Amino acid sequence: MEIKLTINGDSKKFEVDPSTRLIDLLRSAGYQGVKKGCDEGHCGSCTVLLDGQPILSCIKFAAQADGAEITTIEGMGTVNDPHPLQQSFVDKGAVQCGFCIPGMILSSKSLLETHPDPTEDEIKRGLDGNYCRCTGYVKQIEAVQSAAQKMRGGI
Amino acid sequence: MSEQKTANFAQVGKSVQKIDGLALACGKDKFVEDYDMQNQLYLKVLRSPHAHARILSIDSSEAEAMEGVAAVLTHADLPRVPHTTAGQGYPEPSPYDSHTLDNKVRYVGDRVAAIAAETPELAREAAQKIKVEYEVLEPVLDPRKATDEGAPVIHDEDDCKVIIPIPYEPERNLASAVEFSFGDLEEEFAKSDIIVEDEYESHYAQHCPVEPHVCISYIDSRGRVVIRTSTQVPFHVRRIVAQRLELPEKKIRVIKPRIGGGFGAKQEVLVEDIVAAMAMKTGRPVKFLMTREEEFVSSRTRHPQIINVTIGADSDGTIRAINLDVLMNTGAYGGHALTVVCNSGSKVLPLYNTAKAVKFNGKVVYTNLPVGGAYRGYGATQTYFAVESALDEIAHRLDIDPVKLREINHIKNGETSPVFAALGEGKEGVEQTIESCGLPQCLEQGKEAFGWDTREERRSLSSGSKRRGFGICTLMQGSSIPEIDMAAASIKMNEDGSFNLLMGATDLGTGSDTVLSQIAAETLNVPTEDIIPYSSDTDLTPFDVGAYASSTTYLSGKAVDKCAGKVKQQILKVGAEMLEVELEDVSLGAKKVVDSSGNEVSYEEIATYSLYESNQHQIAAHDSSISHKSPPPFSAHFAEVEVDTETGKVELIQYVNATDCGTAIHPRLAEGQCEGATVNGLSFALTEEYQFSSRGKMLNASFDSYNIYKMPDMPELKCILVPTYEETGPYGAKSVSEIGINGPLPAIGNAIFDAVGIRIKEGPFKPDKLLAELEKTEAR
Ligand code: FES
Ligand code: FES
């Protein structure tokens, strides 16, 4: 079947099987910032935004996303022009191996849309589904707070 | 003092931008899974449903006949080469008890056959079509009974062996053993005013790197085998794959791109052999990504230990004698068996060098359970649980502040311990004197940050069924394996005065590419962004044993520093020639060489001169380092808990880790190591647990039911870096990556005891366990 997706602002058509999962479609279409950590809906490393909401692309069929707008980490910013979240994650030391980071940044983006000035608790709950085994989460909480401040027009 | 020595550093001690940070945050830097090749096949491993069985026959005809299946490999297709999967230096102190594919399976999840197909789905489907006939054997599931007379023999094949003289008796399931002692134990116990004796059990756990093991291999146009893999030990992978596939090393190239964490699980050659064998068999690129379930069941784990500890002390708290008896379960294979149990002694016992007599007895047994391996902390994590709990018991019974008890007994600057020389890794250890112990400051600053002295006032904050408690522990680890580990680096200069830094050292996500670049930058007097690091490619970079044993900053950092020092000399020489002065007259400025009268030439001019103009040559060098000691980092941990006596739930309120890692080359990354290790330890202490069926099958091999810490689980956590200066390390650095994981199990255990007077002697501290103990005390 054919589906239409708007990925990071570009509208694209794909021929998919009903069993094709969104994660595999995105990765094979070159969006390799979508990471596969468990492939069973637990770790959050495959998080993308579907119409602005964080979802786990490993437990979503591509066909279920037909017509949706998808944001992957590639749509957030580039090395030369990073999104404030991406810059803050690096500045605060929140990136170790980096495998969990795309998913975490996308969840953070969605959190900041509803909570532009999140408390520590709100961040913890907002990023509940994003596992990180390297960092101990402390610096990631700081990174989200600092990005939030920048995005609100603080320093 | 350490502040004076580090005050003038321009690059070291600064949290510069992590070199791969933005590329990772933008999803652009590549991990193994992100490399796809034309015509690639997907590999699937068929695994054993039995804990212990002989394979009588394998019929793969139906699978092989399937459209889209390229090949099936079984033990009949491969040469029989006993080896160890442990990625250690050669000759490995681990038994050669593994085969790429064998005619026997020794745990649920062991390899039976490998299938390569056009899609992962097809490979999975084909695996189900392989018919295997097993002779099911009685499994050994209780480590305490593993060496009993008449116990089933797990390694009854006639070709398992050790290649250096170390204890190994597979005929009675003994994978390894170590023993050492000094002083008169009986006499010291007899003189002791107090003796505590207890048995502790430390449990199975998995590393859970968020990126699973993944590998892609292909045969290049000249017939060489290229292996791109998620590993901590690229050079050991090359050597061990060469051994297993009976190829010379020159036929193999191993490349490590970005990797998604390892924590020791990737210090094991677990996937590369079978993927390369399949690439050779099919002539096509082959990719293998382990599933999360396979990570739990068939990767490596923390070796469980049963630890009997006896400590005798004087009434003032001075320790007289320690007796440690460790029974360790290595599961079905013995990789790291000896070295992990050695570290249970060597990384723990020297900390309390007031002991006049020490005995250490380690015994490692095979069972038909998941396989133990290297895991951050490496044996120390397990044994610290027993020793630090026993010390807490002594402090309690003698009514001494547990902080004071540590202060009285811990090793100090200028002191040594006979343990250093006695216990090495597969051989004797190396004597060393401690010269950079920051433990007193760790205790002081930790107490302050935690509010140790005001803890009694906080007790009343808990009410009703809740009780508050406070616990501490102190720790040490090491920095590299002395007289064994080797690291090398090479550096060359470019036209613009930048430098390529090539090193074998393996960045597994820790940031070592950045840290090692900072060291080179400091020596060469350039900003870190003028260093272009490239690491871990066996064709291009010099050798390094890899990322393990807390060695990268200390050992690889020294190689980089030495190498940069040589390059610096060459730069000075060219600079002097250009300025027409003697070599003694010049020194390095920021990206330039200056002479005593203030004339200068820039690095750019020097590089251009040497590459294009006169006396042409490439300014470049390489150098290696080995270490003659393993200076320990030290750490003090503080835990505050609230125990609900009705539910048995332990709530962690506050946790403080104060760590002396010498100079923190990159403070933010060093803090990240402390925080990451601590949180992994918290999760180990409170939530992580393997559940087994009565036939040895893991029942919770999923993130759904094996609970690792998530963000909301976090307590208030503070990690404090306490600077000291280790003269033998690069710019005063020691290690930092492992030590933090050792603290939570004992510190939280001690806090629980302080809260409710119950010592839980077996991790993890789950509500049902506490409740059972609480009920027992009530019943009494
Ligand atoms: S890969 Fe999708 S949740 Fe883990
Ligand atoms: S940085 Fe490695 S998993 Fe988060």
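Bear in mind that the values here come from a model prediction, so they are computed numbers and not experimental data.

Quick look at the overall build of chain A
No. 1: In terms of helices and strands, chain A carries five helices and five strands.
No. 2: Secondary structure elements of chain A occur, N-terminal to C-terminal, as β-β-α-β-β-β-α-α-α-α.
No. 3: Whereas a compact globule of 155 residues would reach a radius of gyration of roughly 15 Å, chain A reaches 15 Å, a difference of no more than 12%.
No. 4: Seen through its C-alpha atoms, chain A measures out along the principal axes to roughly 45 × 30 × 25 Å.
No. 5: Here chain A, with 155 residues, has 57% of them falling under the buried criterion.
No. 6: The contacts of chain A with a sequence gap of at least 6 include a subset with a gap of at least 24, amounting to 56%.

Observations concerning the overall build of chain B
No. 1: The helix and strand tally for chain B stands at 20 helices and 28 strands.
No. 2: In summary, chain B has a C-alpha radius of gyration of 27 Å against a globular reference of 28 Å for 780 residues, a match within 12%.
No. 3: Along the first, second and third principal axes, the C-alpha set of chain B runs to 90 × 70 × 50 Å.
No. 4: Burial status across chain B gives 66% buried among its 780 residues.
No. 5: Across chain B, the fraction of contacts at a sequence separation of at least 24, relative to all contacts at a separation of at least 6, is 80%.
No. 6: Carbon and sulfur atoms provide 47% of the accessible area of chain B, an area that totals close to 26300 Å².
No. 7: In chain B, which carries 78 positive and 115 negative side-chain charges, the distance between the mean positions of the two groups comes to 3 Å.

Some details on the interface of chain A and chain B
No. 1: Across the contact, 47 residues belong to chain A and 51 residues belong to chain B.
No. 2: Roughly 4100 Å² of surface becomes buried between chain A and chain B when both sides are summed, with 61% attributable to carbon and sulfur atoms.
No. 3: Considering only the side of chain A, the residues that lose the most area to chain B are A:Gln96, A:Tyr131 and A:Arg133, jointly responsible for 21% of the buried surface there.
No. 4: Notably, a salt bridge pairs B:Glu671 with A:Lys139, separated by 2.8 Å at the nearest N-O pair.
No. 5: Counting every contact that joins chain A to chain B gives 21 residue pairs in polar contact (both at pLDDT 80 or more).

Things to note about the domain arrangement of chain A
Residues and elements named next belong to chain A.
No. 1: As far as domains go, chain A holds domain 1 (2–75) and domain 2 (84–151).
No. 2: Each of domain 1 and domain 2 has a C-alpha centre, and these two points are 21 Å apart.
No. 3: Residue-level contacts link 16 residues of domain 1 with twelve residues of domain 2.
No. 4: Between domain 1 and domain 2, a total of about 1100 Å² is buried, with carbon and sulfur atoms accounting for 65% of that surface.
No. 5: For the pair domain 1 and domain 2, the number of links is zero salt bridges.
No. 6: Taken together, the residues that form the side of domain 1 that touches domain 2 break down as five nonpolar, nine polar and two charged.

Quick word on the sheet that holds strand E18 (residues 466–476) of chain B
Residue and element names in this part refer to chain B.
No. 1: Across the sheet, which stays open at both edges, the four strands sit in the order E18-E26-E27-E28 with mixed pairing between neighbours. Pairing within the sheet leaves two strands with one partner each, and these edge strands are E18 and strand E28 (716–721). The mean inter-strand angle of the sheet, taken between neighbouring strand axes irrespective of direction, is 10 degrees.

Section: the sheet that holds strand E8 (residues 194–202) of chain B
All names here are of chain B.
No. 1: Pairing in this open sheet of five strands is mixed, and the strands run E7-E16-E15-E14-E8 from one edge to the other. Only two strands of the sheet have a single partner each, and these edge strands are strand E7 (174–182) and E8. If you compare each strand with its neighbour and ignore which way they point, the axes differ by 5 degrees on average.
No. 2: Looking at chain direction, E8 and strand E14 (residues 305–313) are connected through nine bridges and run antiparallel. Bridge pairing in E14 links Ile195 to Gly312.
No. 3: Its contacts with the sheet place helix H10 (residues 380–398) against E8, E14 and strand E15 (319–331), and it is angled at close to 145 degrees to E8.

Section: the environment of B:Asp316
Residues and elements named next belong to chain B.
No. 1: Along the chain, the position of Asp316 falls in the loop between E14 and E15.
No. 2: Residue class for Asp316 comes out partly exposed when judged on its relative accessible area of 43%.
No. 3: Once the C-alpha coordinates of Asp316 and Val69 are considered, the two residues, 247 residues apart in sequence, prove to be 72 Å apart.
No. 4: Not counting residues within four places of it along the chain, the set of residues in contact with Asp316 comprises Ile400 and Ile408.
No. 5: Among the polar contacts made by the side chain of Asp316, one reaches the side chain of Thr318 at a distance of 2.8 Å.

Things to note about empty space enclosed by the protein
No. 1: Scanning the model with the defined rule gives four cavities of 30 Å³ or more in all.
No. 2: Around the largest cavity, the lining comprises 22 residues; the ones closest to its centre are B:Thr85, B:His99, B:Asp110, B:Arg111 and B:Arg300.
No. 3: Looking at the lining of the largest cavity, its residues break down into six nonpolar, seven polar and nine charged.
No. 4: Around the second largest cavity, the lining residues are A:Cys132, A:Arg133, A:Gly136, A:Tyr137, B:Gly676, B:Val679, B:Asn680, B:Ser683, B:Ile708 and B:Tyr709.
No. 5: Per-class residue counts for the lining of the second largest cavity are five nonpolar, four polar and one charged.

Considering a negative patch on the surface
No. 1: Together, A:Glu2, A:Glu15, A:Asp17 and A:Asp66 give the surface a local cluster of negative charge.
No. 2: When you line up the elements, A:Asp17 lands in the loop between strand E2 (10–15) and helix H1 (22–28).

Observations regarding the state of the cysteines
No. 1: Scanning the entire structure with this criterion turns up zero disulfides over all chains.
No. 2: In this model B:Cys160 remains outside any disulfide bridge; the closest cysteine sulfur is found in B:Cys342, 20 Å from its own.

Here we look at the packing of aromatic side chains
No. 1: For the structure shown, the criterion picks out 21 aromatic pairs over all chains.
No. 2: Their ring planes at 75 degrees and their centres at 6.3 Å tell us that B:Tyr168 and B:Tyr366 sit as a pair that is edge-to-face. Separated by 198 residues along the polypeptide, B:Tyr168 in the loop between strand E6 (131–136) and E7 and B:Tyr366 in strand E16 (residues 357–366) bring together distant segments of the chain. Taken as a pair, B:Tyr168 and B:Tyr366 share a single burial class, namely buried.
No. 3: Ring centres 5.9 Å apart and planes at 70 degrees place the aromatic pair B:Trp452 and B:Phe638 in the edge-to-face group. Linking B:Trp452 in the loop between helix H13 (439–450) and helix H14 (455–459) with B:Phe638 in strand E26 (residues 634–644), this pair joins segments that are 186 residues apart in sequence. In this structure, B:Trp452 and B:Phe638 share a single accessibility class: buried.
No. 4: Taken together, the ring pairs in this structure connect A:Tyr131, B:Tyr204, B:Phe296, B:Tyr690, B:Phe692, B:Phe703 and B:Tyr706 into an aromatic cluster.
No. 5: Positioned above the aromatic ring of B:Tyr35 is the side chain of B:Lys30, whose terminal nitrogen or guanidinium carbon lies 5.0 Å from the ring centre.
No. 6: In this structure, B:Arg302 is placed above the aromatic ring of B:Phe684, and the distance from its NZ or CZ to the ring centre is 5.3 Å.

Here is what the cut-offs are and how they apply
Here, residues in each chain are numbered from 1, in the same order as that chain's written sequence. Chains and ligands are labelled sequentially in the order written, the chains with letters from A and the ligands with numbers from 1. It should be noted that, the model being predicted, local features are given only for residues of pLDDT at least 70 and side-chain atom pairs only at 80 or more, the latter also being counted only at that level, while totals for whole chains, interfaces and linings use all residues. Hydrogen atoms and water are omitted, and side-chain values are computed over all heavy atoms in the structure. Secondary structure counts use DSSP, requiring at least four H or I residues in a row for a helix and at least two E residues in a row for a strand, with both numbered from the N terminus. The reference for a compact globule is 2.2 Å times residues^0.38; the radius of gyration itself is calculated from the C-alpha atoms. For each residue, the accessible area found with a 1.4 Å probe, counting protein chains only, is set against the maximum for its type, and the residue is called buried under 20%, exposed over 50%, and partly exposed in between. Any two residues whose heavy atoms approach within 4.5 Å at even a single point are treated as in contact. Per-residue and other accessible areas follow the Shrake-Rupley method at a 1.4 Å probe size, with only the shown protein chains counted as cover for residues. In this tally, Lys and Arg are treated as positive and Asp and Glu as negative; His is ignored, and so are the chain termini. Taken as the charge centre is NZ of Lys, CZ of Arg, CG of Asp or CD of Glu, depending on the residue. Defined here as a combined quantity, buried area equals the accessible surface (1.4 Å probe) lost by two parts on assembly, summed across both. Within this document, salt bridges are pairs made up of a side-chain nitrogen of Lys or Arg and a carboxyl oxygen of Asp or Glu, the two lying within 4 Å of each other. Contacts described as polar in this section are N or O atom pairs within 3.5 Å, which, within protein, must combine one atom able to donate a hydrogen with one able to accept it, while residues neighboring in sequence count only if both atoms come from side chains. The domain limits used here are those given by an automatic or database domain assignment. Throughout, the ten residues Ala, Val, Leu, Ile, Met, Phe, Trp, Tyr, Cys and Pro are labelled nonpolar, Asp, Glu, Lys and Arg are labelled charged, and all others, Gly among them, are labelled polar. Pairs of strands are assigned from DSSP output, requiring at least two bridges between the strands. Fitted lines through C-alpha atoms serve as axes, helices being fitted only where they are in contact, and the angles separating the N-to-C directions of these axes extend from 0 to 180 degrees. Whether a set of points on the 1 Å grid over the protein atoms alone is a cavity depends on a 1.4 Å probe fitting there but being unable to get out, while an open set qualifies as a pocket with protein on both sides within 12 Å along at least five of seven lines; lining residues are those with an atom within 4 Å of a point. Grid points are joined across faces, edges and corners, and a volume is the space filled by probe spheres set on the points. Patch definition: residues above 30% relative accessible area lacking any salt bridge, with like charges linked at up to 9 Å and the nonpolar side chains Val, Leu, Ile, Met, Phe, Trp and Tyr linked at up to 5 Å. Put simply, a disulfide is two cysteine sulfurs that come within 2.5 Å. Centre distance within 6.5 Å is the pairing criterion for rings of Phe, Tyr and Trp, where only the six-membered ring of Trp is used; planes under 30 degrees apart are then read as stacked, over 60 as edge-to-face, and the remainder as tilted. Only when the NZ of Lys or the CZ of Arg is both within 6 Å of the ring centre and within 35 degrees of the ring normal is a charge said to sit over the ring.

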